[in-house]
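# Architecture and fold: a report
As a plain string of letters, each chain reads:
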Amino acid sequence: MKLSEKERYLFWLGVANGPGAARSRKLLEAFGDDPKAVFEAAARGDLHEHMKGDVAELMKKRASERYIERCLKRLEELDVSAATIASRAYPELLKEIYDPPVVLYYRGTLYPQLRLPVAMVGTREPSEYGRRAAVELARALAESGVCVVSGLAYGIDRAAAEGALEAKDSAYPTIAVLGSGPDVVYPEANRDVYEKVVARGAVVSEYMPGTEPKAMHFPMRNRIISGLARGVVVVEAGEKSGALITADCALEQGRDAFAVPGRLTDLKSAGTNALIRSGMAKLVQSAADILEEYGIVKRKEEKPGVDTGTLCFEEELVYRLLVPGERSFDELCELSGLSAALLNSTLTSLEFSGIIKQSPGRLFSL
Amino acid sequence: MLSRIASYGLSGLEGFLVRVEVDSGGGIPAFELVGLPDAAVRESKERVHSAIRNSGFAYPQGRVTVNLAPADQRKEGSVYDLPIAVGILAATGQLDEKLTEGFMFLGELALDGGVRPVAGILPMVIGAYNERIASVALSPENAAEASYIDGVRVVPAANLRSLVAMLKGGVPLEVFPPRGWDNARVAYSSDFSDIKGQQGAKRAAEVAVAGGHNLLLVGTPGSGKTMLARSIPSILPELSFAEALEITKIHSVTGALKGKDGMVAERPFRAPHHSASGVSLIGGGPKALPGEISLAHYGVLFLDEFPEFPKDVLEALRQPLEDGFVTIARAAARSTYPADFMLVAAMNPCPCGFFGSRVTPCRCTAQQILRYRNKISGPMLDRIDIHVEMSEVGYADIAGRSTGEKSEVVRARVNAARALQARRYRKEGILFNAQLTNRMTGVYCVLEPEAEALLKKAFSTLKLSARAYTRILKVSRTIADLDGSENILPAHVAEAIQYRSLESKYWGTLR
């Protein structure tokens with residue numbers, strides 16, 4: 001990793017001081033925005049007036065060129081890159097927020113200008129409806145060139161990343177922001193998605209490699225998620241969900257908030273519905289509702305063209321029954337008049353042709 | 001004087017002839033009972049004493065020695081009261097021993113001399129038949145159960161006095177009329193046509209029964225899982241006499257048939273609660289008695305709330321599921337019981353029960369759901385060929401739905417499919433598709449090229465596991481059999497895939 005002098009000492013500041021962006025910023029301000037001056041002051045032991053004694057001592061101990069070299073080497077060993085706020089790769093949008101991290105650690109590729117970053121957040125325990133909404137929205141967004149920003153936790157986070165990765169033509173479908181070091185996969189079950197995100201986008205974090213996830217990291221991480229994005233879509237969130245904090249962050253940072261509505265009875269949609277009711281978030285029914293905010297008019301969405309001519313009689317019958325919406329196996333059986341045996345095999349062939357989908361509860365939809 | 005009386009002892013379902021030898025002579029008054037009696041047998045001393053006196057006979061003054069031969073086999077229960085009493089009467093000359101020849105005595109005595117029923121009468125009477133004993137004397141309440149064995153005369157005796165009178169010839173011998181098997185046919189209480197809607201699940205049950213496959217029902221509370229399971233015995237093929245005899249033997253050993261109308265004519269439906277212990281399910285206890293799985297022999301074992309059963313209990317089910325019998329070894333006894341049942345398991349899709357419901361939202365977290373489903377181990381899941389989801393039925397639906405076919409119509413199709421299988425596998429020593437081994441699957445479940453292609457596609461699209469492969473093959477074979485087709489066509493495979501798609505949906509990709 002080649003660093004300019006400024007980047008080098010910013011990197012040192014980020015590492016030596018840890019992820020506390022506010023303290024780093026204060027130090028920089030005190031020394032005329034010159035990280036090298038901070039470094040030299042620390043080496044002399046002159047930081048005591050700016051911070052607590054023990055922290056200053058620690059900074060003094062770390063203020064050596066050897067320390068910097070050692071840290072850089074360690075990063076290389078771990079295959080983790082670092083972008084300081086002065087680096088070219090550092091995302092421009094993130095610089096605009098109140099307390100941008102001085103150093104971002106990442107795996108994958110980072111660009112200063114993403115085409116259209118949109119974050120997607122929501123509950124870690126989504127309903128099937130929420131999960132599907134997240135996958136579909138993320139896929140449609142990514143297919144239109146959006147870079148989907150998510151947190152790579154359970155639930156909506158994972159669904160968002162998965163959906164974005166489904167967009168085969170997108171060169172840079174998604175970025176994930178972690179509450180642990182960029183090399184620490186949490187939860188472990190998401191490793192499969194993690195690897196794919198690294199391969200086609202980036203996994204970033206303000207925490208040093210090896211940092212374990214802690215509860216206090218996640219609110220801090222949320223500000224980066226919204227900070228990286230032009231807008232934040234909340235898919236499913238209960239009344240006190242952390243996803244609402246991210247939406248608040250977004251609004252404070254001057255970003256847009258969007259929300260996917262849920263049913264009245266759905267506790268998991270109470271938060272999103274409240275966002276819409278209060279006028280803070282725009283109601284989203286499809287990717288187009290988000291894209292039009294940023295001047296991208298997608299051509300009218302079409303159902304995957306089903307040529308009913310290619311279907312056999314039973315398949316066409318079932319297809320037509322599903323056009324108005326979701327139906328259970330029993331309803332299809334009643335309405336079509338087909339025997340259960342015949343209906344079963346018809347559904348299999350429609351499913352394999354990718355025309356219909358089956359969801360839990362034996363529900364079928366187009 | 002000495003007398004010898006025939007009786008019978010059971011160990012599991014099998015038994016042995018017991019000779020009750022009574023010696024009565026002078027000396028200090030005493031009662032000695034030898035021949036490995038258990039506590040119940042030892043207590044017969046008091047019952048026999050009172051019964052003899054209260055029946056108007058004389059109890060000997062001197063020493064009475066009773067030996068239950070063979071002396072090295074354990075004797076259990078109260079069945080020896082009657083033969084001991086008859087033996088004492090014979091040994092004291094109150095009854096000529098010659099008159100008891102050709103008789104076997106089985107029964108417990110009341111203090112007033114009345115004869116009470118005992119458990120396990122059917123296997124004992126079968127034993128009497130095998131030992132070429134012409135008549136059995138027993139309690140009237142046991143008579144119906146015993147009367148199905150052609151070739152053994154059943155003599156019901158209400159009390160000791162009337163029994164002796166009959167033996168002496170003063171009163172004509174009362175004989176319970178032997179009954180033929182057809183008398184016992186009973187209608188099932190729950191019929192397939194009672195279930196409204198649920199055509200998908202009913203069809204799955206039909207396929208499962210036709211091929212002898214085990215069945216897993218997944219559905220929200222109130223979706224009718226129990227009702228469906230309850231009506232499955234009614235579409236199973238009719239019991240043959242040999243099967244009914246085997247079932248009755250098992251139920252007889254547990255004493256469940258006392259006072260009932262003899263034979264078990266219905267296919268059993270056993271639904272143990274999920275708090276059941278391993279012993280109650282598999283069998284065991286000091287006497288190594290049969291458990292629920294053996295009581296469900298030739299019938300249906302229904303395990304509702306499947307994941308709530310203790311894990312070790314479920315794992316203990318695996319071996320009898322494969323073998324069709326279970327061997328229970330205890331310090332005092334060792335018995336092998338048949339356990340050839342159809343397993344019908346039911347579970348909710350998640351702990352709260354509403355995952356996938358369109359009416360009530362699910363309140364479970366992903367981890368909770370995962371933990372719940374992981375209670376069913378892979379090997380267990382592997383032994384259940386057919387999985388089917390049931391969705392809830394609202395009132396409006398119930399009112400408007402067609403009822404579908406009656407059980408007998410479905411059963412006719414099942415019979416035809418089973419006959420086809422029996423003919424095909426007559427050289428393999430198996431009866432239906434579920435018993436196919438991997439080798440046999442390769443021989444008998446050959447797919448048409450088109451069907452093969454469909455199955456391949458299923459694997460990539462639905463991300464099915466390797467173990468699902470043979471399951472789908474076997475179920476396709478059954479569906480083809482129901483269709484009367486020797487070739488497995490794409491439509492058959494397509495239907496079979498539906499019965500397995502749950503695996504990838506529920507146990508595959510859930511996060």
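Residues numbered from 1 in each chain as written. Chains lettered and ligands numbered in written order. Predicted model: local features only at pLDDT ≥ 70, side-chain atom pairs only at ≥ 80, totals over all residues. Heavy atoms only, no water.

## Describing the overall build of chain B
Each helix and strand in chain B was counted, giving 21 helices and 18 strands. Buried positions account for 57% of the 511 residues belonging to chain B. Sequence separation of 24 or more characterises 74% of the internal contacts of chain B that already satisfy a separation of 6 or more. Summing over all exposed atoms, chain B offers an accessible surface of approximately 20700 Å²; the carbon and sulfur share of this is 51%. (Helix = DSSP H or I, 4+ residues; strand = E, 2+ residues; numbered from the N terminus. Buried < 20%, exposed > 50% of the residue type's maximum accessible area, 1.4 Å probe, protein only. Contact = heavy atoms within 4.5 Å. Areas by Shrake-Rupley, 256 points an atom, 1.4 Å probe, with all protein chains shown as cover.)

## Some details on the sheet that holds strand 3 (residues 117–121) of chain A
Consider a sheet: its strands pair through backbone hydrogen bonds, and that pairing is either parallel or antiparallel. Residues and elements named next belong to chain A. Taken together, 9 strands build an open sheet; the order of strands is 1-2-6-5-4-3-7-8-9 and the sheet is mixed. Taken across any chain shown, the strands that pair with only one partner, and hence form the sheet edges, are strand 1 (81–84) and strand 9 (282–283). Here strand 3 runs beside strand 7 (residues 231–234); their pairing, made up of 4 bridges, is parallel. Residue pairing in the sheet places Val121 in a bridge with Val234 of strand 7. Along the sheet face, helix 9 (residues 191–200) touches strand 2 (103–108), strand 5 (174–177) and strand 6 (202–205) and points at about 100 degrees away from the line of strand 6. (Pairing = 2+ DSSP bridges. Axes fitted to C-alpha atoms, helices over the stretch in contact; angles between N-to-C directions.)

## Considerations on the environment of His251(B)
All names here are of chain B. Among the structural elements, His251 can be located in helix 9 (residues 241–253). You can call His251 buried: its relative accessible area is 8%. Here His251 is in contact with Ala256, Leu257, Val264, Pro268, Arg270 and Leu295, once residues within four sequence places are set aside. Within the structure, the side chain of His251 is placed 3.0 Å from the backbone oxygen of Leu295, a separation counted as a polar contact. (Polar contact = N/O pair within 3.5 Å; in protein donor to acceptor, adjacent residues only side chain to side chain.)

## Some details on unusual backbone geometry
The peptide bond linking Tyr186(A) to Pro187(A) adopts the cis configuration, its omega dihedral lying at -5 degrees. Position of Pro187(A) relative to the elements: it lies in the loop between strand 5 and helix 9. With an omega dihedral of 0 degrees, the bond running from Ala69(B) to Pro70(B) counts as a cis peptide bond. Position of Pro70(B) among the secondary structure elements: in the loop between strand 4 (63–69) and helix 3 (81–91). Although it is not a glycine, Leu152(A) adopts a positive phi angle of roughly 55 degrees. As for its placement among the helices and strands, Leu152(A) is situated in the loop between strand 4 (147–150) and helix 8 (156–165). Its identity as a non-glycine residue notwithstanding, Leu36(B) has a phi of 50 degrees, on the positive side. Locating Leu36(B) in the fold gives a position in the loop between strand 3 (30–34) and helix 1 (39–42).

## Some thoughts on the side chain of Asp481(B)
Residues and elements named next belong to chain B. For Asp481, the location among the structural elements is in helix 19 (residues 466–482). A relative accessible area of 3% places Asp481 in the buried class. Once residues within four sequence positions are removed from consideration, Asp481 is found in contact with Ala417, Leu420, Gln421, Arg424 and Asn433.

## A few points about the environment of Val318(A)
With respect to the secondary-structure elements, Val318(A) resides in helix 14 (residues 313–322). Each C-alpha atom of the pair Val318(A) and Phe364(A) lies 10.0 Å from the other, and the pair is 46 residues apart in sequence.

## What about helix 18 (residues 449–462) of chain B?
Residue and element names in this part refer to chain B. In this model helix 18 runs 20 Å from its N-terminal to its C-terminal C-alpha over 14 residues, within 8% of the 20 Å that 1.5 Å per residue would give. Taken together, the buried positions of helix 18 are Ala451, Leu454, Leu455, Ala458 and Leu462. Seen along its axis, helix 18 keeps its buried residues to an arc of 100 degrees; they face one direction. More than 90 degrees from the buried face of helix 18, the exposed residues found are Pro449, Lys456 and Ser460. (Expected span 1.5 Å × (residues − 1). Arc of directions from axis to C-beta.)

## Looking at the sheet that holds strand 12 (residues 363–365) of chain A
All names here are of chain A. Strand order in the open sheet formed by 3 strands is 10-12-11, and the pairing between neighbours is antiparallel. Because the sheet does not close on itself, it has two edges, and the strands there are strand 10 (327–328) and strand 11 (357–359). Where strand 10 lies against strand 12, 2 bridges are found, and the strand directions are antiparallel. When the sheet's bridge partners are listed, Arg327 is paired in strand 12 with Phe364.

## Things to note about the pattern of salt bridges
All names here are of chain B. Following the criterion strictly, the structure yields 44 salt bridges over all chains and no others. Of the charged contacts, one joins Glu315 and Arg318 as a salt bridge, the two residues approaching to 2.2 Å between their closest N and O atoms. Note that Glu315 and Arg318 are positioned in helix 12 (residues 311–323) at a spacing of 3 residues, about one turn of the helix. Across the pair Asp385 and Arg471 runs a salt bridge, and its minimum N-O distance is 2.5 Å. Of this pair, Asp385 sits in the loop between helix 14 (378–382) and strand 18 (386–390) while Arg471 sits in helix 19; the two residues are 86 residues apart in sequence, bridging distant segments of the chain. Exposure remark for Asp385: the relative accessible area of 3% places this residue in the buried category. Given the relative accessible area of 14%, Arg471 is considered buried. (Salt bridge = Lys/Arg side-chain N within 4 Å of Asp/Glu carboxyl O.)

## Section: the packing of aromatic side chains
Under the criterion given, the structure shown has 7 aromatic pairs over all chains. For the ring pair Tyr9(A) and Phe39(A), a centre distance of 4.8 Å and an interplane angle of 40 degrees mean the geometry is tilted. With a gap of 30 residues between them, Tyr9(A) in helix 1 (residues 5–17) and Phe39(A) in helix 3 (residues 35–44) connect regions that are remote in the sequence. With respect to class, Tyr9(A) is no different from Phe39(A); both count as buried. Between the aromatic rings of Phe103(B) and Phe105(B), the centroid separation amounts to 5.9 Å while the plane-to-plane angle is 25 degrees, which identifies the pairing as stacked. It is Arg25(A) that lies over the ring of Tyr98(A); its NZ or CZ is 4.9 Å from the centre. Sitting above the plane of the Phe218(A) ring, Arg124(A) keeps its charged end 6.0 Å from the centroid. (Phe/Tyr/Trp six-rings, centres within 6.5 Å; stacked < 30°, edge-to-face > 60°. Lys NZ or Arg CZ within 6 Å of the ring centre and 35° of its normal.)

## Looking at the pairing of strand 18 of chain B
Residue and element names in this part refer to chain B. Across the 5 residues of strand 18, 5 count as buried, placing the element largely inside the fold. Burial along strand 18 is two-sided: Ile386, Val388 and Met390 and His387 and Glu389, pointing in opposite directions, are all buried. Note that strand 10 (residues 215–219) and strand 18 share 5 bridges and pair parallel. Within the sheet, the bridge partner assigned to Gly219 lies in strand 18 and is Met390.

## So, the interface of chain A and chain B
With 33 residues of chain A at the interface, the matching set in chain B holds 34 residues. Three residues, Asp330(A), Phe352(A) and Arg362(A), lead the burial of chain A against chain B; their summed loss comes to 23% of the area buried on that side. At the junction of chain A and chain B, the tally comes to 0 salt bridges. Connecting chain A to chain B are 8 residue pairs in polar contact (both at pLDDT 80 or more). Mapped by element, the contributors of at least two residues to the side of chain A that touches chain B are strand 10, helix 15 (329–336), helix 16 (340–352), strand 11 and strand 12 of chain A. With 8 residues, the top contributor of residues to the side of chain A that touches chain B is helix 16 of chain A. (Buried area = accessible area lost by both parts, 1.4 Å probe.)

## Quick word on the packing of helix 19 of chain B against helix 20 (residues 490–498) of chain B
All names here are of chain B. One way to put it is that helix 19 packs onto helix 20 with a least axis distance of 8 Å and a crossing angle of 125 degrees. What the angle tells us is that helix 19 and helix 20 run oblique. Note on packing geometry: the crossing formed by helix 19 with helix 20 is right-handed. Side by side, helix 19 and helix 20 meet where Ile472, Val475, Ser476, Ile479 and Ala480 of the first sit next to His492, Val493, Glu495, Ala496 and Ile497 of the second. (Parallel < 35°, antiparallel > 145°, perpendicular 65-115°, else oblique. Left-handed = near helix turned anticlockwise from the far one by under 90°.)

## As for helix 19 of chain B
Given 3.6 residues per helical turn, the α-helix brings residues three or four places apart onto the same face. Residue and element names in this part refer to chain B. An ideal rise of 1.5 Å per residue puts 24 Å on 17 residues; helix 19 measures up with 25 Å between its terminal C-alpha atoms. With respect to burial, helix 19 is a largely interior element, 13 of its 17 residues being buried. Among the residues trailing helix 19, Gly484 stands out with phi positive, at a value near 75 degrees.

In short, geometric facts, not functional conclusions.
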